[in-house]
Structure formats: structure tokens, C-alpha cells
Amino acid sequence: MCGIIGYTGPRNAADVLVEGLKRLEYRGYDSAGICIAQSDSLKVLKRAGKIAVLREALDDQFSGTTGIGHTRWATHGEVNETNAHPHLDSKEEFSIVHNGIIENYQQLKQGLEHEGVTFLTTTDSEVIAHLIAKHYQESLEQAVRDTLFLLKGTYGIAVMSSREPGKIVGARNGSPLVIGVGDGEMFLASDVTAVLAYTKQVVYLNDGEMVTITSREFRTQDLHERIVQKQIELIDWELEQIERQGYKQFMEKEIHEQPESIKRGFQGRINYDQATAHLGGLNMSPQELREVERIRIIGAGTSYHAAMIGSYLLEQIARIPCSAELSSEIRYRNPVVEPKSLYIAVSQSGETADTLSAMRELQRKGARVLGICNVVGSTIARESDGGVYLHSGPEIAVASTKAFTSQLTIFYLLSLMFARQRHYSVDEGQQFIQAIEKVPEQIGAVLAQAQQIQDIARRYSGARNVLFLGRGKLFPVALEGALKLKEISYIHAEGCSAAEIKHGPIALINEETPSVFLIGDDFLREKVLSNLKEVKARKGKVIAIAVEGDQEVADLADDVIFVPHAWECMYPYLMVVPLQMLSFYCALELGCNVDQPRNLAKSVTVE
Ligand code: AGP
């Protein structure tokens, strides 16, 4: 989605802004621009396409020390240089960048056009610049405030004016905005990664809040001019974590980080004496946790797949009735909130609009909602009633990999904790802990097969359709495998329960449509093998992900990737990794932009 960066201080603003925009690239964008305050005017540079194109067009004229920048992911108006932000008012005295959607922009635009204003773009955002110009009387803050009262929709904005050089005003309603506090310099950004190279001190804005930054200070207030005292927080991410560190793609780096990121998720959270998990941020007493009668988990995309696996784990291990639902669906079906139900919102970014809105709707109806997020200080993390961080480290590639396995880690820990409070013995708890502690090494063994997996990917990358099939906890893994393949290689893929293919998808099987089968070694193995044979009988090619030593599967399949033998509950971890790798190598083979796939955004902050 769109990204914002603002800077005021002693440095060359253009350099800081372009560097910040580079850091925001991973969020997904189609055009970019900056505006720099000169002595008494504003100078704008915009380009469709990559930041590199914008950087090339920069010249000495962009030499001021205050500026705002933006990466645009088109919602209203086509992708072109004109529609890229920043937008100016007619006299070019006010410049704005905007994330979000202004729902009543048509009406506002018509009003302004009647007053003689000419619009240059087809965006919803340009209206903000003209309104601020119209309302400017005594200060930029006042003009922004008066404008915000007229807007319907969502926004994170940064505004500057040639009339008040050295000042940037920001405001937030539904789109994240964070202040970076430097020494004699200040930043404004939609995402901490944009400022991490300069400062680790940040202040998160809440909806309904505004901020004014100058090089010396920041001042936060609400829309009624009441001062809001904010806490400066420290980001615990290191700059190296958002760099490729020798890998060509972030996705590859993040796939290979999984043994470490999973370990970070459970380390320090296991109580060996009691053979249970200790999750500090839940904000629930042992008594309240024991009283939970039902768990409902919500999420979107990959996080929804983690939620599904979480629901299988919690139900099987902790014996608590549990279900997973798409956050986009629960939000609008007027959900019934049961008194003893616990809700969990899962989101890597903590900013996904569908999940955030669903969480708020559930809370409005009295639900207690825990958040499982990766990004510290994100909106879901702050607005949930308690929760657990993934500690996965920043995930930059649009396709989620390590955050997914870290989300699973939290569900394993929750399952252990609930199970130990209910029916699990110390012995069972210890066996569980032993099993999860083996996972990082077992994933290492899967990663070591990179060459073999790449060879397989090379052979199948010409397919136009691929089926991913699994059962039980491996069914959501199949869904995740299909999502990964389609989002980065643009090969159409469908994930389904292996049992379901006979109800429809088997019609797709022929020599050209390969199937990826996920085959564990539990009681479902025989049933999945029958489905595999049904596919082979129809001349379908089969790639099997199976447990090491399963010769029968190796004989039946055209290609096989083995994962180490483990407790059957751990196979979602072990089997998703080869699927991530298959997708990655297919996309490489096809020459796709793996880290920034077309049309996608890392953090989906619009509905
Ligand atoms: C994952 O590969 C996708 N890019 C996407 O489905 C993502 O998981 C979804 O948008 C939810 O994001 P979140 O975890 O940040 O809420």
C-alpha cells in the first residue's frame, strides 16, 4: 500500500526522503514523488514506476532541508506521473501526501470546482490540498484541522506549506503514522522501516490525532486542539534486519531465517519446571484463561491460514472448541459474541484494514480480542485487549513466510498453555516441548534440500494450473502453498482438502495440471494416498511432500521432497517450508519480481 515519509532537520531532505521511500518499496507501489521546501516555494518531483527512476531525475535544485515523500498504490485514478503524490493546491503553496481513501471526494471536488478550482489529477487525494489552501488563515495546523472535519474516509497525511517553512503537519485516521524523533531532526512516516536508518525513537499516532514537527520538537494534539501527551518508544529492530545481507531477494533470506525466527518465538516463553508456556502479554488471569469455553480466530490471507492451523491445534491439543474465520467476512455478518469466547486477531503487519475493523466490531459487541502481531506498536497490537508478539523480525518480502511459521509458534505455545491448564500431564507437556524444540533443526534439514527443490521447480514452472492437496492440519498448509505460488509466480493454483477433489477439482486433472500432495504419517496418510492414486489414474503429475523413509509415496509420485520424521502436530511447520521454496524457485525461473509481486502490497490498509 501507499507509504509516507516526511523530514525536517539539517540534512538534505531529498536524500532522506528517497532513502526512506526505498525502505518503503516493499509495501508495494506503482509511482512515487517528493516535495522539497525551497526558500519561498515548493518543488515537486514525481515519477511513475520505481524509486530508482525518481532518484535518477533528482538534480541540485532539490536542495532544501524539509520535505515530504510518497509511494502510491493506486486506488482512485490510473497509475501515472500526474496522479502520483505529493499534490499541490492551485497556487502551489500547500503540498500533501495521503494514504487511505477519501470517500466523499467527489462531492468535495464538485464544491471546489464550482468555486473555480481546477483539478489536475483524477485522485481522491488532491481535494485535500485545495481544501487546506481554502481554509488557511492563521496557521497550517488550523487549516489542516478545518479540512479534516470535512473528510469522510481514511487517511494518514503529511502536509507542508511554503508559508511556514520547516514545519510538517501530520494526521491519522485509519492509516498508520509514526513520528521518528531524532537529535535536532524529526521524521514522519507510515512505517518505522522508513526512519530506522536515522533513529530508533518513535511515537505512534492514534486515530483522531495530529502532529506538528519541526527540527527541534514534535507537538501532538487531537482535532479539538487538546494537547495529547505521547510516550517515546524504542524500536528493537536493527538496520541489518531490513537489508538483504547477501541474499538477492528478501523472500529467500526470510525463508532461510525460519530456524532462528521460530526459535525467537518460543525462547524465553517456555517454563520447563511446569512443562508449559508462559505468555506475558495476554492480560488474563489463570482463572480467566480456564474459563474460556470457545476460541475464534480471525485473519486474512496467510494469517488466515495460520489461524486455521491454530484452530486445529487448539482443538486437538487443548480440547477447546475453536474456529477460524476470514476477518473480512466476520466483520459484516453482525457476529454473535458469546460471553465465554475468546477472540484472537492474527496479523503480521498489525495494520490490515479487514482484520482491524473486524476486531473493533467484535470489541464493540463486548468481545475480548487478543492480538498476534509481528510489528511492535502496530494498531492491532495497541488496540487489542492483550496479545503476543511474533518476534519474527521485520518481514520485507510481500509474500509472508517467516511470519507465518512464527504465527504457528504462538499457536503451539497457546495450545500447550491451555492444555496444561486443563488435561495435559507434566509428561505430555514435556514431550510437546521436546517436539517444538526440534523444529528449527528439522527445518534446517528441509532448507538444505534447496538445490533439489529448485530442480523440481524448474521442471514444473511451465504449468498453468497447480493443485495443492492435504488433509487435517495439512489442508490449510495446502491453501498456503497455493497462495504463495499464485502471488509470486502468477501461476494459477488452488488449494483444497485432498478429500474434496472428488467433489469437483478432479475435473481439472490431466497431464498438464500437476498436484502437490502433502502426506504426513498419521491415520490420514492412507486416505490421502488413495486420493493421490486417483490423480495418477487420470495421468496427473504428482509432487509429494512426505515424511522421510516413505518409500511407497516415493514410488507413486513423480517427484518427492522429504521432511524429517516428527510428531504429527509439527508437520505444518515442516511441510510449508518446501512449498515456500517451490514457489520461490518457480517465480525465479519465470523471471518474476519475487519481493514485490504485481498488484500486491505488504500491508493492506484499505478494505
Ligand atoms: C501473504 O503472503 C500475503 N501477502 C497476504 O495474504 C497477507 O498475509 C494478508 O494481507 C494479511 O496480512 P497481515 O498478516 O499483515 O494481516
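All values derive from a computational prediction rather than experimental measurement.

S.K.: Talk me through the domain arrangement of the protein; I want residue IDs and the actual numbers.
M.R.: Here the protein is described as being made up of domain 1 (3–235), domain 2 (245–446) and domain 3 (449–607). If you average the C-alpha positions of domain 1 and of domain 2, the two centres end up 34 Å apart. Contacts between domain 1 and domain 2 engage 8 residues on the former and 9 residues on the latter. Where domain 1 abuts domain 2, roughly 740 Å² becomes buried across the two surfaces, and 50% of that area is made up of carbon and sulfur atoms. When the buried surface of domain 1 facing domain 2 is broken down by residue, Tyr26, Arg172 and Tyr204 rank first, second and third, together holding 57% of it. Where Arg360 meets Asp207, a salt bridge forms, and the shortest distance between an N and an O atom there is 3.2 Å. Scanning the region where domain 1 abuts domain 2 turns up 4 residue pairs in polar contact (both at pLDDT 80 or more). Grouping the amino acids of the side of domain 1 that touches domain 2 by side-chain chemistry returns 4 nonpolar, 2 polar and 2 charged.

S.K.: So what's going on with the site of the ligand? Which residues, and what values?
M.R.: Residues in contact with the ligand amount to 15 residues; listed here are only the nearest, Ser303, Ser347, Ser349, Thr352 and Glu487. One of the side-chain N or O atoms of Ser347 is found 2.6 Å from an oxygen atom in the ligand. For the ligand, an oxygen atom lies 3.0 Å from a polar atom in the side chain of Lys484. Contact with the protein chains covers 91% of the free accessible surface of the ligand, which is 410 Å². Where the shell around the ligand is concerned, the elements lending two or more residues are α9 (301–318) and α16 (474–489). Along the lines of polarity and charge, the residues of the shell around the ligand split into 5 nonpolar, 8 polar and 2 charged. Each of domain 2 (245–446) and domain 3 (449–607) accounts for three or more of the residues forming the shell around the ligand.

S.K.: Can you explain the environment of Leu362? Please cite residues and give values.
M.R.: Assignment of secondary structure puts Leu362 in helix α11 (residues 353–364). In this structure Leu362 comes out as buried when scored by relative accessible area, which is 0%. Note: C-alpha distance between Leu362 and Asn334 (28 residues apart in sequence) is 8.9 Å. Leu362 has contacts with Ile298, Ile330, Pro335, Val337, Tyr343, Ala367 and Val369, leaving out every residue within four places of it along the chain.

S.K.: Now, about the nonpolar core: what can you tell me, with residues and values included?
M.R.: A general tendency of soluble globular proteins is for nonpolar side chains to be buried together. Residues Ile295, Leu414, Phe418 and Tyr573 are the most contacted members of the largest nonpolar core, which totals 127 residues. In terms of residue count, the dominant contributor to this core is helix α19 (residues 571–589) (13 residues). Setting aside chain neighbours within four positions, we find Phe418 in contact with Leu289, Val292, Ile295, Leu314, Ala318, Ile320 and Leu342. Core analysis: the next-biggest nonpolar cluster, separate from the first, contains 26 residues, Phe119, Val127, Ala143 and Val169 among them.

S.K.: I'd like a description of the sheet that holds strand β18 (residues 322–326), backed by residues and values.
M.R.: Overall, parallel pairing links the 5 strands, which are arranged β18-β17-β19-β20-β21 in an open sheet. One side of each edge strand has no neighbouring strand; the edge strands of this open sheet are β18 and β21 (386–389). Taken pair by pair, the neighbouring strands of this sheet meet at an average axis angle of 20 degrees, ignoring direction. Taken together, the 5 bridges between strand β17 (residues 294–299) and strand β19 (residues 341–347) define a ladder with parallel strand orientation. Paired with Arg294 across the two strands is Ser341, which belongs to β19. Against the sheet, α9 contacts β17, β18 and β19, and its axis sits at roughly 170 degrees relative to β18.

S.K.: Explain helix α14 (residues 426–447) to me, and be specific about the residues and the numbers.
M.R.: Along its 22 residues, α14 runs 33 Å from first to last C-alpha, staying within 8% of the 32 Å computed at 1.5 Å per residue. Along its length, α14 reaches its greatest deviation from straightness, about 35 degrees, at Val439, and the proline Pro440 lies no more than four positions downstream. Every buried residue of α14 is listed here: Gly429, Phe432, Ile433, Ala435, Ile436, Val439, Pro440, Gln442, Ile443, Val446 and Leu447.

S.K.: Got a sec to walk through the environment of Ala448? Specific residues and values, please.
M.R.: Relative to the helices and strands, Ala448 is located in the loop between α14 and α15 (450–460). Judged by its relative accessible area of 65%, Ala448 is exposed. In the structure, Ala448 is positioned 192 residues away from His256 in sequence and 9.7 Å away in space, judged by C-alpha atoms.

S.K.: Lay out the pattern of salt bridges in plain terms, naming residues and giving numbers.
M.R.: The full count for this structure, using the stated rule, is 38 salt bridges. Glu257 is the partner of Lys253 in a salt bridge, and the nearest nitrogen-oxygen pair spans 3.2 Å. By the burial criterion, Lys253 is buried, and Glu257 matches it. Between Glu487 and Lys484 there is a salt bridge whose closest N-O contact spans 3.3 Å.

S.K.: Describe the pairing of β19, listing the residues and the values that go with them.
M.R.: Among the 7 residues in β19, 7 count as buried, and that is most of the element. Taking every second residue as pointing to the same face, both faces of β19 are buried, with Ser341, Tyr343, Ala345 and Ser347 on one and Leu342, Ile344 and Val346 on the other.

S.K.: Any details on the side chain of Ser95? Residues and values, ideally.
M.R.: On the secondary structure map, Ser95 appears in strand β6 (residues 94–99). The contact partners of Ser95, leaving out residues within four places of it in the chain, are Cys35, Leu42, Ile68, Pro86, His87, Leu88, Ala158, Val159 and Met160.

S.K.: Describe the environment of Met186, and please don't skip the residues or the numbers.
M.R.: Here Met186 shows up in strand β10 (residues 186–189). Apart from residues lying up to four places away in sequence, Met186 is in contact with Gly6, Tyr7, Thr8, Gly180, Val181, Ile213, Thr214, Ser215, Arg216, Glu217 and Phe218.

The rules behind each value
Residues numbered from 1 in each chain as written. Predicted model: local features only at pLDDT ≥ 70, side-chain atom pairs only at ≥ 80, totals over all residues. Heavy atoms only, no water. Domains from an automatic or database assignment. Contact = heavy atoms within 4.5 Å. Buried area = accessible area lost by both parts, 1.4 Å probe. Salt bridge = Lys/Arg side-chain N within 4 Å of Asp/Glu carboxyl O. Polar contact = N/O pair within 3.5 Å; in protein donor to acceptor, adjacent residues only side chain to side chain. Nonpolar A, V, L, I, M, F, W, Y, C, P; charged D, E, K, R; others polar. Near = heavy atom within 4 Å. Areas by Shrake-Rupley, 256 points an atom, 1.4 Å probe, with all protein chains shown as cover. Helix = DSSP H or I, 4+ residues; strand = E, 2+ residues; numbered from the N terminus. Buried < 20%, exposed > 50% of the residue type's maximum accessible area, 1.4 Å probe, protein only. Core = buried A, V, L, I, M, F, W, Y, C linked by side-chain atoms within 4.5 Å. Pairing = 2+ DSSP bridges. Axes fitted to C-alpha atoms, helices over the stretch in contact; angles between N-to-C directions. Expected span 1.5 Å × (residues − 1). Bend = angle between axes of the 7 residues up to and from the residue.

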